[in-house]
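Listed below, chain by chain, are the residues.
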Amino acid sequence: MNCTGFSNDWQFAYAQNEEWSNQDNNFKYEPVNLPHDFRISLERSESSFSGASEGFYPGGIGYYKKTFHADKKLLSQRVLLYFDGVYRMCEVRLNRNLIAAHKGGYTSFFVDLTGKLAEGENTIQVKVNASLLPASRWYSGAGIYRKVYLYTGSIPCIEPWGTSIVTVPETLSDQNAEVRIKSKIYNPEGLPCKVKYEIFDPDGNHAAAQVLTNIISETDCIINIPYPKLWDADSPFLYTLHTTVEANENATVITNEYTSAETIEESSASFCIKFGIRTIEVNAEKGLKINGRKVLLKGGCVHHDNGLLGSAAYKSSELRKVKKLKENGYNAVRCAHNPPSTAFLDACDELGMYVIDEAFDCWREGKKLNDEHIFFETHWKEELQAMLLRDRNHPSVIMWSTGNEIVERSGISDGAAWSKRLADAVREIDSSRPVTNALCGFYEEQNIAEMEANTKSTAGVGKDYWAAKSEKFCEPLDVVGYNYLLDRYEKDHELYPERVIAGTESFPLKAFDNWEAVKKYPYVIGDFVWTAWDYLGESGIGHTSFEGEAWGLKPFPWHIANCGDLDLCGRKRPQSHYRDFLWTNRSKPYIAVQHPEYYGKEEHISAWGWPDLTESWSFPGYEGKKVKVVVYAKGDTAELLLNGKVLYRKPCGAKTKYIQEFEVDYMPGELTVIAYEQSKEIGRASLSTTDKPEKILLYPETDLNKEDNIVFVDIHVADRNSQPVPYADNEIKIIVEGGRLLAMGSGKPDSSQNYTKSRGSVWRGRTMAVIQKDCTGNAVTIKAVGEGLREGVLIIK
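Note that the structure is a prediction, hence the values are computed from the model and not measured.

S.K.: Which residues make up the overall build of the protein, and what are the values?
M.R.: Secondary structure summary: the protein contains eleven helices and 46 strands in total. Relative to a compact globule of 797 residues, whose C-alpha radius of gyration would be 28 Å, the protein shows 28 Å and is just as compact. The dimensions of the protein, computed from C-alpha atoms along their principal axes, are 95 × 70 × 55 Å. Taking the contacts inside the protein whose residues are at least 6 apart along the sequence as the reference set, 73% of them involve residues at least 24 apart. Carbon and sulfur atoms make up 46% of the accessible area of the protein, which amounts to about 32000 Å² in all.

Following this line, the structure appears as structure tokens:
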């Protein structure tokens, strides 16, 4: 089958809840291209039913339509419309006739247009219902927020998601690899078919082939690949499987095939499949092994949104996300708490990133009034299968997760039975990967002490309430995910010596202890911080406070979680620098400062938070005031200097958990830290006082992505020496010629800015713009202007 993009030239209309209609109802439409998150452009409101969990964004109903031409040839073919993700409860109509509905907001689905098209003009209409609030514990977005494709081909042909490719582990060697390939054939006439498999390496070289004859509906074969190159996070080597189906009917050969490896990549997303040769082993004695080599998962949880872009899943934004995570030490991500976009998994395959692919945040027991528990009972298998069938050939996916902090984990509401039911359903489709589920403490249940007392008589020797009540739930799992349960690792290993544990969520401030546990205990295969990348929703869950306890979510206008290693724009926050010392060979120390306004005040830090530090030595008006300086460093000694004068020498390194603090009287100039190992300098870092804001500087952070013509632009307010001014908060405006502004924002967690608007304030001297070039072939010019500042100009050809 051929696959062509179907994401451009749509029309969109937004309706409030009371305005909805099954048809377009004469709504005012505007042109859009997909992906499109209509929710990110709406004005946040304190009165929104979404509340702090969803960032105070309102909901609503979105109407999409697209008209296209169908000729006689298309009418004779198999025709499928593929949606990678629509949030949510959508209805699809063809020429005003309802032909499909899909409830889930994160799973992909096909709409079969075979035999339904009219010759000439046809119109697809999609109604998206995101009006039921509250519906999520985080920002979900709304609309057709992932790409859409049209699959066409002669009959018979390979079924969508109908092929599985699995490495046969016991045969793997340097000289040979065997892969087992199964395919389902769409063949309504039951014609005998010839199926040809060809495997190509990344350079387009022929690696292996096999031909099967007299196939009616299914194939099952083993193909040998000589001298295989394996896929792992360090060496993400990808092969391509090309499948040809031929049927001989009345001496006429009907063929679905492609002529070259280049054509394969461009013309098919489903039947020319990229895959990797790799094996997975996991047990409590040896831990996790990929291709026979032990791997410790340096992990982070990641929500599906793309920051300033909302939930819109552009290929360039997903690729950028994975690239930045990898650059900052990660080798694994946990998709929280739903299947990600295909573009995200493609990036993980290509760049080398292990993935825990997660299906649900709730089962029958909900966490929000209108979350996905409302249709779990009737649609759980459809939702689970959609994830498994779509994602099973991605080598980056090394584990399936059936859920996160499921309310039923204590056994209530038949939780143990459902845990087994879902794990069994996973293995029916794919038994080559471990099954996990992430458990936390029983925070829903009150009077734990009383329950503990009632449990001791029946729980068994050494089993506390948590162990006893979660035991049956955990039995079907190959790996048990522990969320914030570091203190249980040792005692649960004594109770369940065969249990494999993954720290599926952990607090940032306990990063050192969690990673020490991963290194120490072979049955703990990795640690996943909450979170690797900041996200929309769960407003202020990672905040700090100098005026009382820091707990719970923050009120409007907060709308960002404020708890990622990387901020909403993808920039390193202090905790990311700290993690470098745990995971990498970084020798250059890191230095940051608490604003002198807060000196002497107790900082209350949320469990998901980190101290509020800034990379600044510019505090006008605070000369002579005391400030707290924080240093992260390896080695054994950290030396702090101000304007060349040594102020302190203090121990550092693992014995201080790589953290050291100093008190300094603020004086403009240069603050420097030098790290020593046995009296030998191993690295230094400095902060310098800047002059006042004078100009705007623009830097393209990424190359222009050829597929979606997107570039991320980092914007600084700088002094006359072009040094960023960290206290600048100027308002600036973005002007684009030869393209359009997709988003602009600073990552400030309580900003009131609408990210789709061209005007906003910098935060701590910086903001970011996301620009999409038009299709004219001309250069795109980006200007940033602000009162009292020299404008910045960037031209991208």
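Right, picking up where we left off after that structure.
S.K.: Mind laying out the sheet that holds strand 38 (residues 680-688), listing which residues take part and the relevant values?
M.R.: Pairing is antiparallel in the open sheet, where four strands are placed in the order 35-34-37-38. Only two strands of the sheet have a single partner each, and these edge strands are strand 35 (645-651) and strand 38. Direction aside, neighbouring strands of the sheet carry axes that sit 20 degrees apart on average. In terms of strand pairing, strand 34 (residues 637-642) meets strand 37 (residues 670-677) through six bridges, oriented antiparallel. Directly across from Thr637, in strand 37, lies its bridge partner Tyr676.

S.K.: Quick rundown of the sheet that holds strand 2 (residues 10-15)? Include the residues and the values.
M.R.: If you trace the six strands from one edge of the open sheet to the other, you get 3-2-4-9-6-7, paired in antiparallel fashion. Edge strands, defined here as strands with exactly one partner in the open sheet, are strand 3 (30-32) and strand 7 (97-102). On average, each strand axis in the sheet is inclined to that of its neighbour by 25 degrees, with strand direction left out of account. Looking at chain direction, strand 6 (residues 90-94) and strand 7 are connected through five bridges and run antiparallel. Its bridge partner lying in strand 7, Leu94 is registered against Asn97.

S.K.: Please set out the environment of His394 residue by residue, giving values where relevant.
M.R.: In this structure, His394 sits in the loop between helix 5 (376-391) and strand 25 (397-404). In sequence terms His394 and Gly276 are 118 residues apart; their C-alpha atoms lie 7.4 Å from each other. His394 has contacts with Arg278, Thr342, Leu345, Asp346, Asp349 and Arg433, leaving out every residue within four places of it along the chain.

S.K.: Account for the packing of helix 5 against helix 6 (residues 415-429), naming residues and giving values.
M.R.: At a closest axis distance of 10 Å, the pairing of helix 5 and helix 6 adopts a crossing angle of 35 degrees. The way helix 5 lies across helix 6 gives a crossing that is right-handed. Counted together, Phe376, Glu377, Trp380, Leu384, Gln385, Leu388 and Leu389 of helix 5 and Trp418, Arg421, Leu422, Ala425, Val426 and Ile429 of helix 6 form the full contact between these two elements. Of the residues contributing to the contact of helix 5 with helix 6, the split by class is ten nonpolar, one polar and two charged.

S.K.: Tell me about the confidence of the model for the protein, residues and numbers included.
M.R.: Mean pLDDT for the protein: 93, with 94% of residues reaching 70 or above. Confidence drops under a pLDDT of 50 for residues 250-270, and excluding neighbours within four residues, the segment shows 49 contacts in the predicted structure.

S.K.: Would you mind going over unusual backbone geometry in detail, with residue names and values included?
M.R.: For the bond running from Leu34 to Pro35, omega is 10 degrees, close enough to zero to count as cis. With respect to the secondary-structure elements, Pro35 resides in the loop between strand 3 and strand 4 (60-70). Backbone geometry at Asn214 places phi at a positive 55 degrees, although glycine is not the residue there. The residue Asn214 is located in strand 14 (residues 206-215) in this model. Of note in this structure, Asn562 is not a glycine but carries a positive phi near 65 degrees. Here Asn562 shows up in the loop between strand 30 (544-545) and helix 11 (574-583). Take Asn562: its relative accessible area is 13%, and that puts it in the buried class.

S.K.: Tell me about the pairing of strand 2, and please be specific about residues and values.
M.R.: Across three bridges, the pairing between strand 2 and strand 3 is antiparallel. Bridge pairing in strand 3 links Trp10 to Val32.

S.K.: Quick one: what's the story with the packing of helix 10 (residues 511-520) against helix 11, residue by residue and with numbers?
M.R.: Remark: helix 10 packs on helix 11, axes separated minimally by 11 Å, with the N-to-C direction vectors making an angle of 25 degrees. In terms of orientation, helix 10 and helix 11 fall into the roughly parallel class. Where helix 10 crosses over helix 11, the two elements pack in a sense that is right-handed. Where helix 10 abuts helix 11, its residues Ala511, Phe512 and Trp515 lie against Tyr578, Arg579, Leu582 and Trp583.

S.K.: Describe the pattern of salt bridges, with residues and values.
M.R.: Enumeration according to the criterion identifies 45 salt bridges in this entry. Asp513 is paired through a salt bridge with Lys657; the nearest N and O atoms lie 3.1 Å apart. Remark: Lys657 occurs in the loop between strand 35 and strand 36 (659-665) and Asp513 occurs in helix 10; sequence separation between them is 144 residues. You can call Lys657 partly exposed: its relative accessible area is 36%.

S.K.: Residues and numbers for the pairing of strand 8 (residues 109-112), please.
M.R.: Only one face of strand 8 is covered, namely the face carrying Phe109 and Val111; the face carrying Phe110 and Asp112 is uncovered. Sheet topology note: the strand 5 (residues 78-83)/strand 8 ladder contains four bridges and is antiparallel. Directly across from Tyr82, in strand 8, lies its bridge partner Phe110.

S.K.: Outline helix 3 (residues 315-327), listing residues and values.
M.R.: The first and last C-alpha atoms of helix 3 sit 18 Å apart over 13 residues, in line with the 18 Å expected at 1.5 Å per residue. Every buried residue of helix 3 is accounted for by Ser316, Ser317, Glu318, Arg320, Lys321, Val322, Lys324 and Leu325. Elements in contact with the buried residues of helix 3: strand 22 (297-302), strand 23 (332-335), helix 4 (342-351), strand 40 (710-718) and strand 44 (766-773). Backbone geometry just after helix 3 places Gly329 at a positive phi near 100 degrees.

Procedures and definitions
- Residues numbered from 1 in each chain as written.
- Predicted model: local features only at pLDDT ≥ 70, side-chain atom pairs only at ≥ 80, totals over all residues.
- Heavy atoms only, no water.
- Helix = DSSP H or I, 4+ residues; strand = E, 2+ residues; numbered from the N terminus.
- Rg over C-alpha atoms; globule rule 2.2 N^0.38 Å.
- Contact = heavy atoms within 4.5 Å.
- Areas by Shrake-Rupley, 256 points an atom, 1.4 Å probe, with all protein chains shown as cover.
- Pairing = 2+ DSSP bridges.
- Axes fitted to C-alpha atoms, helices over the stretch in contact; angles between N-to-C directions.
- Left-handed = near helix turned anticlockwise from the far one by under 90°.
- Nonpolar A, V, L, I, M, F, W, Y, C, P; charged D, E, K, R; others polar.
- pLDDT = per-residue confidence, 0-100.
- Buried < 20%, exposed > 50% of the residue type's maximum accessible area, 1.4 Å probe, protein only.
- Parallel < 35°, antiparallel > 145°, perpendicular 65-115°, else oblique.
- Salt bridge = Lys/Arg side-chain N within 4 Å of Asp/Glu carboxyl O.
- Expected span 1.5 Å × (residues − 1).

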